[in-house]
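Fold and contact review
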Amino acid sequence: MLLVANGRVITRDADTPYLEHGAVAIDGEKIVEVGPEAELAEKYAGAEYVDAHGGVIMPGLVNCHTHIYSGLARGLSIKGCNPTNFLENLEQQWWKIDDNLTLDGTRASAYATVLDSIRDGVTTIFDHHASFCEIPGSLFAIKDVCEETGIRACLCYETSDRRGPEKRDQAIAENAEFAQWASQQDSGMIAAMFGGHATFTLSDETMDKMAEANNGLTGFHIHVCEGMNDVWDSRQKRGGISPIERLLQHDLLGPRTMLGHCIHVTPAEMDIIKETGTHIVNNPESNMGNAVGCAPVLEFFRRGIPVHMGTDAYTHDMLESLKVFLIIQRHNAAMPNVGWVEAMTMLFQNNPAMASEYFGRRIGVLAPGAAADVIVMDYPVFTPFSDENIDGHMLFGMMGKNCRTTIVNGKVLYRDREFVAFDEERINAWTLEQSKKLWGTLNERTY
C-alpha cells in the first residue's frame, strides 16, 4: 500500500476538488481514499510513504495522440531534407524514418517516447505507429516495452497505401491481430484502436478492408484534413466528396473513433462528425510546426463535438501543449479572452474520458475506486494557490519538467526524478545504438 502525502492535492473530482494539506491512499491498482494528510497518515500508518516534498499531488496526464515512430528523430538532420510544404515534410523526413524502422528500431523508439512521457507526468498514451520497414509484430514489440516500463498505452498501426498493397495488407493484419489480442486482456494497461494514416493515402478499397478486418471490435484512429492534401485528394480523385463523407461511407466514424487534426474540415463535415458521435484530437504545436493551420476548435466546441488534446510527438509535455493551444486559438480568433474553458476541458476532462473508455478504469481523477495514476509536481508557490485558481497555475506556472514522481496503476515508476522500476542507463545505451543504426542508414554514414 502507498500513501502519497506532504503536498497540495488537486483531485479533478467535483466533490472535493482541492486539499491544502492532503494525501492519496493507494491499495494495489486503485485509489482507496483521498483526504487530509493527518487523518490518512494515522489510518494507513503501515503504508509506504511517498513524500511529495510540499509539491502538488495530481492525476497523471493523458496524451491522446502521439507517434512512437518519431522517437529517434531528436537531433536528426536527413541529407536533402528541405521541405517547403506538408507533403514534402512527410516524404523527406517522416516517411523516410518509418520506412527504415526495424523491429529493434521500433522498440528503441518506444523506449525513448515512454521514458520522456513518464518524466513529464504522462501516465497514458494513445499512439499511432508506422514502421513500414518491418510491420508484422511491431505493435506487439511496442506493447512489450510499455509493459516493461509500466505506462498505460492504447496502440494502433498506421494503415496506408503509400507503400503498395502488400504493406497495406500487413498493416491491416497487424491492427486486427493486435486489437483481437487486446480485447482478450483485462489488465487495464494495454488497449487498441485501428489505425489509418490519412484519407489521401487510403483508397476506397483499403477503407473497406479496414472496416471489415476491424468488424466493430474497436474505434479508428485516423489523420483527417491535417494539410490540404486530404481535401484536394477527395475533391479531385475520389468522386468530389469530402474526406469526412468518405469515412462515413466506409463506416469508419462513430463514438469510439478519434480523428487527428481536422484543420480544414467544412461546416457540413462538422455536422457529420457531431451526428456520428466521432471525436477529434487537436495537436497545436505540431500544426504550427508543420505550418498547416489552426484547427477551428472553438467552433467544434460550439457544435458540441468532443475534442481531445495530443502532441503528435512534437513534445511529450501535455502542459506545454495546453499553453500553446491557448495562444494559437487566441491569435487565430484575434480575441484575448477565448479558449480557456476549451483548453482545460480537453486536457482534464475529455482526455481522461477517452482513456476511461478504452481502459475500463476511471482515469484522470483522484477519488476512491479510480485508477492509481498519480503524479507529484515540484511547484513552490509565491502567489496564492487554491481551488479558485488551479487552472491558472497549470497554464502559467507548471510544465512537464516540474514532475518529480510518477505512479501508474499503483506502481512507482519515477521517484524524486529517478526511474525506479527499470534500468534507465541500460535502456538509454541500447536506444543510442539503435538510433545510430537508423541515422547511419538514412544518411549513409557512421555515427
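Residues numbered from 1 in each chain as written. Predicted model: local features only at pLDDT ≥ 70, side-chain atom pairs only at ≥ 80, totals over all residues. Heavy atoms only, no water.

Focus on the overall build of the protein chain
A tally of helices and strands in the protein chain yields 15 helices and 18 strands. A compact globule built from 447 residues would reach a C-alpha radius of gyration of about 22 Å, and the protein chain, at 21 Å, matches this within 12%. Within the span of the protein chain, comprising 447 residues, buried residues form 60% of the whole. Long-range contacts, defined as pairs at least 24 residues apart, comprise 75% of the intrachain contacts of the protein chain with a sequence gap of at least 6. Split by element, the accessible area of the protein chain, about 17,300 Å² in all, is 49% carbon and sulfur. Taken together, the 37 basic and 61 acidic charged side chains of the protein chain have centroids lying 3 Å from each other. (Helix = DSSP H or I, 4+ residues; strand = E, 2+ residues; numbered from the N terminus. Rg over C-alpha atoms; globule rule 2.2 N^0.38 Å. Buried < 20%, exposed > 50% of the residue type's maximum accessible area, 1.4 Å probe, protein only. Contact = heavy atoms within 4.5 Å. Areas by Shrake-Rupley, 256 points an atom, 1.4 Å probe, with all protein chains shown as cover. Lys, Arg positive; Asp, Glu negative; His and termini not counted. Charge placed at Lys NZ, Arg CZ, Asp CG, Glu CD.)

Concerning helix 4 (residues 138–149)
A rise of 1.5 Å per residue sets the reference length of helix 4, with its 12 residues, at 16 Å; its end C-alpha atoms lie 17 Å apart and thus fit the reference within 8%. The set of residues buried in helix 4 consists of S138, L139, A141, I142, K143, V145, C146 and T149. Contacts made by the buried residues of helix 4 are with helix 3 (103–119), strand 7 (122–127), strand 8 (152–155), helix 5 (165–183), strand 9 (190–192) and strand 17 (411–415). Phi turns positive one or two residues past the end of helix 4, at G150, with a value near 95°. (Expected span 1.5 Å × (residues − 1).)

Details of unusual backbone geometry
It is generally the case that most residues other than glycine have a negative phi and that most peptide bonds are trans. Even without being glycine, N6 reaches a positive phi, approximately 70°. In this fold, N6 is placed in strand 1 (residues 2–10). One non-glycine residue, D416, adopts positive backbone phi at about 50°. Assignment of secondary structure puts D416 in the loop between strand 17 and strand 18 (418–419).

Comments concerning the sheet that holds strand 11 (residues 220–224)
Picture the strands of a sheet paired through backbone hydrogen bonds; they go either parallel or antiparallel. Spatially, 10-11-12-13-14 is the arrangement adopted by the five strands of the open sheet, whose pairing is parallel. Every interior strand has two partners, whereas the edge strands, strand 10 (194–198) and strand 14 (307–309), have only one. Taken pair by pair, the neighbouring strands of this sheet meet at an average axis angle of 25°, ignoring direction. Where strand 12 (residues 258–261) lies against strand 13 (residues 279–282), three bridges are found, and the strand directions are parallel. Bridged to L259 within strand 13 is I280. Against the sheet, helix 6 (residues 204–214) makes contact with strand 10 and strand 11, and its axis sits at roughly 170° relative to strand 10, the strand it touches most. (Pairing = 2+ DSSP bridges. Axes fitted to C-alpha atoms, helices over the stretch in contact; angles between N-to-C directions.)

Here's the deal with the nonpolar core
F300 and L322 are the most contacted members of the largest nonpolar core, which totals 102 residues. Contact partners of L322, with chain neighbours within four places excluded, come to M309, A343, M344, L347, F348, M394 and L395. Formed by 19 residues, the second largest nonpolar core is a distinct cluster that contains I26, V50, A372 and I407. (Core = buried A, V, L, I, M, F, W, Y, C linked by side-chain atoms within 4.5 Å.)

Some details on the packing of helix 4 against helix 5
Between helix 4 and helix 5, the shortest axis-to-axis distance is 9 Å and the interhelical angle comes to 40°. Relative to helix 5, the element helix 4 is oriented oblique. Along the contact surface, helix 4 presents S138, L139, F140, K143 and E147, while helix 5 presents E174, N175, E177, F178 and W181. Of the residues assigned to the contact of helix 4 with helix 5, the class counts are four nonpolar, two polar and four charged. (Parallel < 35°, antiparallel > 145°, perpendicular 65-115°, else oblique. Nonpolar A, V, L, I, M, F, W, Y, C, P; charged D, E, K, R; others polar.)

A few points about the sheet that holds strand 8
With respect to topology, four strands assemble into an open sheet ordered 6-7-8-9, the strand pairing being parallel. Since the sheet does not close on itself, it has two edges, and those belong to strand 6 (61–66) and strand 9, each with one partner. The average undirected angle you get between the axes of adjacent strands in this sheet is 15°. Note that strand 8 and strand 9 share three bridges and pair parallel. Bridge pairing in strand 9 links C154 to A191.

What about the packing of aromatic side chains?
Two descriptors summarise a pair of aromatic rings, namely the distance from one centre to the other and the angle between the planes of the rings. Tallied over the full model, the rule gives 15 aromatic pairs. Seen in terms of ring centroids, Y69 and W94 are 6.3 Å apart; in terms of plane orientation they differ by 80°. Their pairing is edge-to-face. With Y69 in the loop between strand 6 and helix 2 (86–99) and W94 in helix 2, this pair connects stretches of sequence that are 25 residues apart. In this structure, R8 is placed above the aromatic ring of F385, and the distance from its NZ or CZ to the ring centre is 5.7 Å. Here R445 stacks its cationic end above the ring of Y447, 4.0 Å away from the centre of that ring. (Phe/Tyr/Trp six-rings, centres within 6.5 Å; stacked < 30°, edge-to-face > 60°. Lys NZ or Arg CZ within 6 Å of the ring centre and 35° of its normal.)

Structural notes on the pattern of salt bridges
In the structure shown here, the tally under the stated rule is 27 salt bridges. Note that R404 is salt-bridged to D378, the shortest N-O span being 2.9 Å. With R404 in strand 16 (residues 403–408) and D378 in the loop between strand 15 (374–377) and helix 14 (390–396), the pair connects residues that are 26 residues apart, well separated along the chain. Side by side, R404 and D378 carry an identical accessibility label, which is buried. A single salt-bridge network, built from bridges that share partners, covers R74, D116, R119 and E424. (Salt bridge = Lys/Arg side-chain N within 4 Å of Asp/Glu carboxyl O.)

What about the pairing of strand 11?
In regular strands, side chains alternate between the two faces of the sheet. Most of strand 11 is tucked away: five of the five residues are buried. Alternating residues of strand 11 divide into F220, I222 and V224 and H221 and H223, and every residue in both groups is buried. For strand 10 and strand 11, the ladder comprises four bridges, and the chain directions are parallel. Opposite G195, over in strand 11, you have H221 as the bridge partner. With helix 6 bridging strand 10 and its parallel neighbour strand 11, the resulting β-α-β unit is right-handed. Relative to strand 12, strand 11 runs parallel, the two being bridged by four bridges. In the strand pairing of strand 12, H223 is matched with G260. (Right-handed = clockwise from strand over helix to strand, strands pointing away.)

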